Amino acid sequence: MGEERIPKAWYNIMADLPVPLPPPLHPGTLQPVGPDDLAPLFPMALIMQEVAQDRYIDIPKPVNDIYRMWRPTPLYRAYGLEKALGTTAKIYYKYEGVSPAGSHKPNTAVPQAFYNKQEGITKLVTETGAGQWGSSLAMAGAMFGIDVKVFQVGVSFRQKPYRKAIMELYGAQCVSSPSTETNAGRSILAKDPHSNGSLGIAISEAVEVAATNPDTKYALGSVLNHVLMHQTVIGIEAIEQMAMAGAYPDVIVGCTGGGSNFAGLTFPFIGAQLRGGKKVKVIAAEPAACPSLTRGKYAYDFGDTSHMTPLVKMHTLGSAFMPPGFHAGGLRYHGMAPLVSHLKELGLIEAEAYGQVACFEAGVLFAKAEGIVPAPEANHAVKGAIEAALKAKRDGTSPTILFGLCGHGHFDMQAYMDYAAGKLEDKSYDEQALQASLADLPKIAAE
């Protein structure tokens, strides 16, 4: 598929929802937040996209011009994996690891940098887990002349030094979180000087910097509506590519942490279903050590640990939840995107949780069969697709399975070395701590 087929507009699933999405609430008044409440953090163009009801939002030409560096991304038939599994299923995967940053994250980093540049912003601050988002925003910042500061979750900062290196190569500053640079970071370190950190803590630090510096805006790599919408270029392309292959998925699998790559692949297919198209089985594959969709409560909660963000209704493990330091750093978030959570409540998606050892086993099998080394996060989608293919084999059925391979694992080889050496463990969260975190959820009368 040539460059001329790059989508000219993002798809907004809000237009097709059978039940409206519950609004974000101001933590002080518990009333729906308005544009003015978000203006200190985001440029107005993104705030308007956050609440837009239009089915399609045009992609600005400067953004589309940069997309041409890696889009359209390839859709592959996984013949090698099918043979290795001896399955009757047909398996396809959409590969986002061909982007300069090695993942799907530039799909939203580039437009976020563009809209901030349009509003005259010269500094952006963000958080990152494994570093795929941080490196993508660093790249986009370099392209638009914007200074970028990244708070990287401490455990991933230590596990993945090359992610820090690529952020700095692009000109960004990368800080281990929790840090001594913010009140949020200092308060966490006072309680636990050896804290692994979490995405919730890193978000608190980034939001604090943006909220206290008028020349700095905040950028988020997942969770928010506009971020998920930017990623729908993945699914829009996949629909056309599947048609070129004379196929349409019966099952779609994506890994989920905050929800952006999962939404990007699945929302265009779910939207087609909601408008009367073919029904698809959609599976969100998440880590068993941070299982927001399978163990979390659907409730209003803060998006960060220090309670600086609006309250959003989502599947959450509680904003104080601290997941163990497993290798899929991009999936270590206490909550799931409100839109993804809403679709699960409506019965439009399912969720499965997998341990990291089984996911790495699946990733190694995939690499041997298909030649691509998946990122630890993407291994969850590989595992989900393999499980669906093996079920088809047991059932004697021949479904078409599509999954999202959201990034490569070239910066994550220490994790694969640990797996090969038998050092990788299935780390479990503290059940007592989870229950305490859930018990501490904000009390919202409307629920």
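Structural notes, computed from the coordinates. (Residues numbered from 1 in each chain as written. Predicted model: local features only at pLDDT ≥ 70, side-chain atom pairs only at ≥ 80, totals over all residues. Heavy atoms only, no water.)

Attention now goes to the packing of aromatic side chains. Taken as a whole and assessed by the stated rule, the structure comprises 13 aromatic pairs. Between Tyr-11 and Tyr-56, the ring centres sit 5.9 Å apart and the planes meet at 55 degrees, which makes this aromatic pair tilted. Of this pair, Tyr-11 sits in strand 1 (residues 9–11) while Tyr-56 sits in strand 2 (residues 56–58); the two residues are 45 residues apart in sequence, bridging distant segments of the chain. Here Phe-366 and Phe-403 contribute two aromatic rings whose centre-to-centre distance is 5.9 Å and whose plane-to-plane angle is 80 degrees, an arrangement assigned as edge-to-face. Taken together, the positions of Phe-366 in helix 16 (residues 356–370) and Phe-403 in strand 14 (residues 400–405) put the pair 37 residues apart, joining distant regions of the chain. In this pair, the class of Phe-366 matches that of Phe-403, namely buried. (Phe/Tyr/Trp six-rings, centres within 6.5 Å; stacked < 30°, edge-to-face > 60°. Helix = DSSP H or I, 4+ residues; strand = E, 2+ residues; numbered from the N terminus. Buried < 20%, exposed > 50% of the residue type's maximum accessible area, 1.4 Å probe, protein only.)

Where helix 12 (residues 233–244) meets helix 13 (residues 260–274), the axes come as close as 6 Å, and the angle between the chain directions of the two elements is 55 degrees. Overall, the two elements helix 12 and helix 13 adopt an arrangement that is oblique. In the crossing of helix 12 with helix 13, the sense of the turn from one axis to the other is right-handed. Across from Ile-234, Gly-235, Ile-236, Ala-238 and Ile-239 in helix 12, the residues of helix 13 making contact are Gly-264, Leu-265, Pro-268 and Phe-269. (Axes fitted to C-alpha atoms, helices over the stretch in contact; angles between N-to-C directions. Parallel < 35°, antiparallel > 145°, perpendicular 65-115°, else oblique. Left-handed = near helix turned anticlockwise from the far one by under 90°. Contact = heavy atoms within 4.5 Å.)

A rise of 1.5 Å per residue sets the reference length of helix 10 (residues 199–212), with its 14 residues, at 20 Å; its end C-alpha atoms lie 20 Å apart and thus fit the reference within 8%. Buried residues dominate helix 10, accounting for 12 of its 14 residues. Of the residues making up helix 10, those classed as buried are Leu-199, Gly-200, Ile-201, Ala-202, Ile-203, Ser-204, Glu-205, Ala-206, Val-207, Glu-208, Val-209 and Ala-210. Of the surrounding elements, those touching the buried residues of helix 10 are strand 5 (123–128), strand 6 (147–153), strand 7 (173–177), helix 9 (183–191) and strand 8 (216–218). (Expected span 1.5 Å × (residues − 1).)

Under the defined criterion, the tally for this structure stands at 19 salt bridges. The partner of Arg-68 in a salt bridge is Glu-3, with the nearest N and O atoms 3.0 Å apart. Pair noted here: Arg-68 is in the loop between helix 3 (61–67) and strand 3 (75–77) and Glu-3 is in the segment before strand 1, with a separation of 65 residues, a long-range link. One salt bridge in this structure joins Lys-94 and Glu-237, with 2.7 Å as the shortest N-O distance. Highlighted residues: Lys-94 in strand 4 (residues 90–95) and Glu-237 in helix 12, separated in sequence by 143 residues. Accessibility classification places Lys-94 together with Glu-237 in one group, the buried group. It is possible to trace a salt-bridge network through shared partners that takes in Glu-3, Lys-61, Asp-65 and Arg-68. (Salt bridge = Lys/Arg side-chain N within 4 Å of Asp/Glu carboxyl O.)

A few words on the sheet that holds strand 13 (residues 350–354). A sheet is described by the order of its strands in space; here six strands give the open sequence 3-4-14-9-10-13, paired in mixed fashion. Each edge of the open sheet is held by one strand with a lone partner, namely strand 3 and strand 13. Neighbour-to-neighbour, the strand axes of this sheet turn through a mean angle of 25 degrees, independent of strand direction. Here five bridges tie strand 10 (residues 281–287) to strand 13, and the two strands are oriented parallel to one another. By the bridge assignment, Ala-285 is partnered in strand 13 with Glu-352. Strand contacts of helix 13: strand 4, strand 9 (251–255), strand 10 and strand 14, with the helix running at about 155 degrees to strand 9, the strand carrying the most contacts. (Pairing = 2+ DSSP bridges.)

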